[in-house]
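So you can see what is in the structure, the chains are spelled out below.
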Amino acid sequence: MRTRLSSLCKMLFGDSARSFATMSIVMLLVLAIAPAKSYFSEWHGYQNKYLALIKGRGDAVTLQRRFEPGLKQIWIPAMSVTDRCTTCHVAMKEASLADVNQQPFRPHPPVHHSVTQYGCTTCHRGQGLATNVQEAHRSSLAWEQPIIPTRYMEASCGECHLAPSTMLPTLTSGRKLLAREGCVHCHTLTFADGSTLTPTDDPPSLEHIADKTSREWIFAWIKDPQAYAATATMPNFNLKDEDARDISAFMVSQSTPLANQHKTEAPIKAAADPAAGTSLYGEAFCSSCHAVQNAAGIIVGGDLGPELTRVGSKVKPEWLQAWIKDPNGYDPATRMPHFRFNDQQVGTLTEFLMAKNDPDLLANVHLTPATPEQIAHGRKLVQENGCASCHVINGIKKPDNFAPDLSKVGSRSLAQLLFTPGLQHDIPSYISAKIRDPRSFGTALKMPRFKLSTQQVDALTTALLAQTDRADTVSNALRIPAPRPSNYRPSGAAAKLIADLRCFSCHAINGRGGDMAPDLTMEGSAVNRAWLVAFFKNPNTLRPALIRRMPKFNLSDQEANLLSDYILNVYRSPDVADAVAAAQNPAEVEHGKQLFYGKYACQSCHIVDPTKDKGYIGPTLTKVGQRLTPEWIYSYLRNPQAFRPGTLEPNQQINDADARAITMFLSRQVGGGTTK
Amino acid sequence: MKAATSLFLLVVLLQGCSHRPSRPASSVPAGSLLTEVSGGKQIGAAGTELDQPIVVQVNDKQGTAVAGAPVTLSGAPGVVFTPASGVTDASGQFTATVRLGETSGRYVLAAATYDAQGNPINLKLDEVALGWQQSRGRDLAHNSCDRCHESESTAERVSNHDNLDPKPHAFSEGEALNRFSDADLTNLITHGGPALGKSAEMPPFGNTLSKSDIESVVSYMRAVADPPFRNPGVVYAQK
């Protein structure tokens, strides 16, 4: 062995020439390490593949000339972006390669921002400095944020865009869902600009629940809310029978009777006509807010109020009667308006709704009278499950920080999280799995499973992934802050009436209110008084194509006048044109008619002459002269979006003379065939 | 001896590499016809689950449904089926949800089953994945265009299509719309029908939608055209 070694040594370093040669070879090899590493690197391979890909193409010469070999980097110090992605994604700007379906050679599809301005990782996340596929794309110990999957892409937009936007549909709907599904009752979510997300669902107060429903219904409901109403927001807590029994016992025991007179009132008789209930339900447009599941299983109606498919199995008739008469008595915070129904109407509606019952729902619920132990246990369960986070319950305080704060959930360190076997080890997978089935992470976890579609889970995940540490570092110049909630309140006697009718549940005024019905901020400049008073008395439909409509509140003359005066005097816009002179001669009206039917083809969407016109996308204009002021018609024609943001009517840049002529023509449309 | 062993091993290994699906056992029910029930020609955003699941039906020669027949779904890398394979139910149908790949383009999905002789029967389904710009175009179209251009009414949107003459083209009507260049379509939307000698019932949207909005709408029309626009964009299919 030793002799072999010494002979090898002699052969390599025997004399100066030999040792020089050996050392030269060793030096050469050492020097070759760096170029070899680069030559055998992944990105070099991709660049070679790219060159092979473009070889046969028509514009190969141009593409080749634009291609620069070597490591490349987008460096934007202001945004702390150092991205080497373009080293492999070489064809980012080559629009002519749009038909290539092979990554990393696809050109970047057109998006709102330019790549050179924002870099890659600002939107896609991942590790920009990395120069191999695994490190750049996947979550690792050194870099936890992976490339974000396309379906959550808008999460990165959400780091700067805190305001809702139609350009970011997934993010916007995710944030809406966080508020709508009640997530933010238990979790806190603070945006980078300091604003917090507030819940928009309306969990009822349970202080007087025994007045409203039976213990049996409470039991059935908390066992499986969706069995009662498919659209129920409340999740299924998978309670054991004993636990549901004890919670229902506690709920009934904590309920205090309401001190008002409604309960003792005798039941009011319904109208004799059996169809009266259906027609009253339709006339009052209950379905604008309440849904009912029809025989085919399709849910028809709005989601502002609870689903009524099985309401007869839930509520007590005397409670329902009092509620329909005046919802304020039971729940001063309800979104339901106070309809001025007469006694017979109240009776008819009560009977109609009580008939919507499901005998199977409570058929198997048999509860023995509650014992004090059961009530005490129920109270403990209510505290443990955080029921008071959403509901007002007598004797139980709303718990603080019941669930983890989600303000920075998108940057949670993976070491702090528990992953289930088989779950990909990164934050997007964790969040979506947690939303989809929270209790797959442990049966003792409190968070229940919400009934969500895949699209909703994706949207919620997107909204939560936007809550990162990086969002805090965004400069104010780039950040689009969340809109401040408006605390607008009307004043005077009309304010009381507006509150009683719950106008803000559907209409927005000065930034406050719902989006189901038109914004009324400028309504006073738009409508004529006589029409408005008549409309309040009997809201006939303006848009036949709409299914959600203004209900008839049965207002008194005095109330209709009060509201009309307030709207006409207060809700005015200074942008509406000053008086538009009435038509001097029939020729002007005729000219307007020509423009209406010819140049602007308004009849594609509006009906002026019901015998001829067919379009029904816009409101019917047969009586538009009664409804709208000429000033409004003129101003609106000039620029519809300025007066109704988001309206369908396109801005046709109608010039002054044409707009005046069409206004003359439309102002003449007051019904009764005056067009002729 | 050594050479023989390595040759044998090589053959075994190559067998393992081959893509030929193994012939199912004769006891497995087999049909002779694989048809699409629903789920083809859907349009969804890239990387998201399609609204409707894919449903395929296995029938035998007499046209009777075959229950328990094996069905395998496959697509380009990135396409996720839940479940990707299984057997048909009592009515001979197999249902799976599909999540399209991460990038936009047309996706060709393949369903396969075996006949009694063990030969594969294949079925292809086309789906379209929209990129951000095209999804934006779809949202804008939904808001501003579909009420007249789509003849189907939904609960939330009553169609105005029947009230118009001439009838507007649906955006998927490739045969009519592929004849227009991008510039012509952009002009039509910006300046209205009369700009191209068409009906004034098509109003100008140039002051309502921004330039990039109109680009988005055009790119959406191109993405959903059927037959595909002459530059068909990306097609993802298995090799």
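As the structure is a prediction and not an experimental result, all values here were calculated from the model.

Regarding the overall build of chain A
Here is step 1 of the chain: When helices and strands are tallied, chain A shows 30 helices and 6 strands.
Here is step 2 of the chain: Viewed in the frame of its principal axes, chain A has a C-alpha envelope of about 120 × 85 × 45 Å.
Here is step 3 of the chain: The buried share of chain A, taken over its 676 residues, is 35%.
Here is step 4 of the chain: Long-range pairs, those at least 24 residues apart, make up 65% of the contacts in chain A between residues at least 6 apart in sequence.

Brief notes about the pairing of strand β7 (residues 93-99) of chain B
Note on strand geometry: in a regular strand, side chains alternate between the two faces of the sheet.
Residues and elements named next belong to chain B.
Here is step 1 of the chain: Inspection of the sheet shows strand β3 (residues 54-59) paired to β7 by 4 bridges, in the antiparallel sense. Of the residues in β7, the one forming a bridge with Val55 is Thr95.
Here is step 2 of the chain: As paired strands, strand β5 (residues 80-82) and β7 are joined by 3 bridges and run antiparallel to one another. When the bridges of β7 are listed, Thr82 appears paired with Thr97.

A short note on the interface of chain A and chain B
Interface size is often expressed as the accessible area that is lost when the parts come together.
Here is step 1 of the chain: Listed as interface residues are 33 residues of chain A and, on the opposing side, 31 residues of chain B.
Here is step 2 of the chain: Among the secondary structure elements, those contributing two or more residues to the side of chain A that touches chain B are α20 (454-465) and α26 (586-599) of chain A.
Here is step 3 of the chain: Residues of the side of chain A that touches chain B, tallied by class, amount to 16 nonpolar, 11 polar and 6 charged.

Some points on the domain arrangement of chain B
Residue and element names in this part refer to chain B.
Here is step 1 of the chain: Domain boundaries in chain B define domain 1 (24-130) and domain 2 (132-229).
Here is step 2 of the chain: Each of domain 1 and domain 2 has a C-alpha centre, and these two points are 32 Å apart.
Here is step 3 of the chain: Listed as interface residues are 6 residues of domain 1 and, on the opposing side, 7 residues of domain 2.
Here is step 4 of the chain: Put simply, the parts of the chain that give the side of domain 1 that touches domain 2 at least two residues each are β2 (42-45) and β9 (120-130).
Here is step 5 of the chain: Residue composition of the side of domain 1 that touches domain 2, by class: 4 nonpolar, 1 polar and 1 charged.

Considerations on the domain arrangement of chain A
Here is step 1 of the chain: Taken as a whole, chain A is organised into domain 1 (2-39), domain 2 (52-147), domain 3 (157-200 + 405-446 + 454-473), domain 4 (209-379), domain 5 (492-570) and domain 6 (586-667).
Here is step 2 of the chain: The C-alpha centroid of domain 4 of chain A is placed 91 Å from the C-alpha centroid of domain 1 of chain A.

Some words on the sheet that holds β7(B)
Residue and element names in this part refer to chain B.
Here is step 1 of the chain: Reading across the sheet, the 4 strands line up as β1-β3-β7-β5 and stay open at both edges, with antiparallel pairing between neighbours. Here the strands that pair on one side only, and so sit at the sheet edges, are β1 (33-38) and β5. For this sheet the average axis-to-axis angle between neighbouring strands, irrespective of direction, equals 35°.

So, the environment of Leu97(A)
All names here are of chain A.
Here is step 1 of the chain: Within the fold, Leu97 resides in the loop between β2 (81-83) and α5 (115-118).
Here is step 2 of the chain: In this structure Leu97 comes out as buried when scored by C-beta crowding, with 20 C-beta atoms within 10 Å.
Here is step 3 of the chain: Sequence-distant contacts of Leu97, defined by excluding residues within four places in its chain, comprise Ala91, Phe105 and Pro107.

Re the confidence of the model for chain B
All names here are of chain B.
Here is step 1 of the chain: Averaged over every residue, the pLDDT of chain B is 84; the share at 70 or more is 86%.
Here is step 2 of the chain: Model confidence for chain B, summarised as mean pLDDT per element, is weakest for helix α1 (residues 2-17) at 47 and strongest for β7 at 94.
Here is step 3 of the chain: Scored below 50 in pLDDT, residues 7-21 makes 1 contact in the model with residues more than four places away or belonging to other chains.
Here is step 4 of the chain: Model confidence for the complex is summarised by a pTM of 0.88, with the ipTM given as 0.85.

Here we look at the packing of α26(A) against helix α30 (residues 656-667) of chain A
Residues and elements named next belong to chain A.
Here is step 1 of the chain: The N-to-C vectors of α26 and α30 enclose an angle of 105°; their axes lie 7 Å apart at closest approach. Comparing their axes, α30 and α26 come out roughly perpendicular. Taken together, the residues of α30 that come into contact with α26 (itself represented by Glu588, Val589, His591, Gly592, Lys593, Leu595 and Phe596) are Asp658, Ala661, Ile662, Met664 and Phe665.
Here is step 2 of the chain: Here the contact of α26 with α30 is built from residues that sort into 7 nonpolar, 2 polar and 3 charged.

Focus: unusual backbone geometry
Here is step 1 of the chain: Omega for the peptide link from Asp165(B) to Pro166(B) comes to 0°, which places this bond in the cis form.
Here is step 2 of the chain: Considering the arrangement of structural elements, one finds Pro166(B) in the loop between α3 (146-149) and α4 (174-177).
Here is step 3 of the chain: Cis peptide bonds are those with omega within 30 degrees of zero, and the linkage from Asp226(B) to Pro227(B) qualifies with 5°.
Here is step 4 of the chain: On the secondary structure map, Pro227(B) appears in the loop between α6 (211-224) and β10 (235-236).
Here is step 5 of the chain: Here the phi dihedral of Ala601(A) falls at roughly 45°; this positive angle occurs in a residue that is not glycine.
Here is step 6 of the chain: Looking at the element boundaries, Ala601(A) is found in the loop between α26 and α27 (624-627).
Here is step 7 of the chain: In this structure, Gln653(A) is a non-glycine residue whose phi angle is positive, near 50°.
Here is step 8 of the chain: If you trace the backbone, Gln653(A) turns up in the loop between α29 (640-643) and α30.

Rules and cut-offs
Residues numbered from 1 in each chain as written. Chains lettered and ligands numbered in written order. Predicted model: local features only at pLDDT ≥ 70, side-chain atom pairs only at ≥ 80, totals over all residues. Helix = DSSP H or I, 4+ residues; strand = E, 2+ residues; numbered from the N terminus. Buried ≥ 20, exposed ≤ 12 C-beta atoms within 10 Å, placed from the backbone. Contact = placed C-beta atoms within 7 Å. Pairing = 2+ DSSP bridges. Nonpolar A, V, L, I, M, F, W, Y, C, P; charged D, E, K, R; others polar. Domains from an automatic or database assignment. Axes fitted to C-alpha atoms, helices over the stretch in contact; angles between N-to-C directions. pLDDT = per-residue confidence, 0-100. Parallel < 35°, antiparallel > 145°, perpendicular 65-115°, else oblique.

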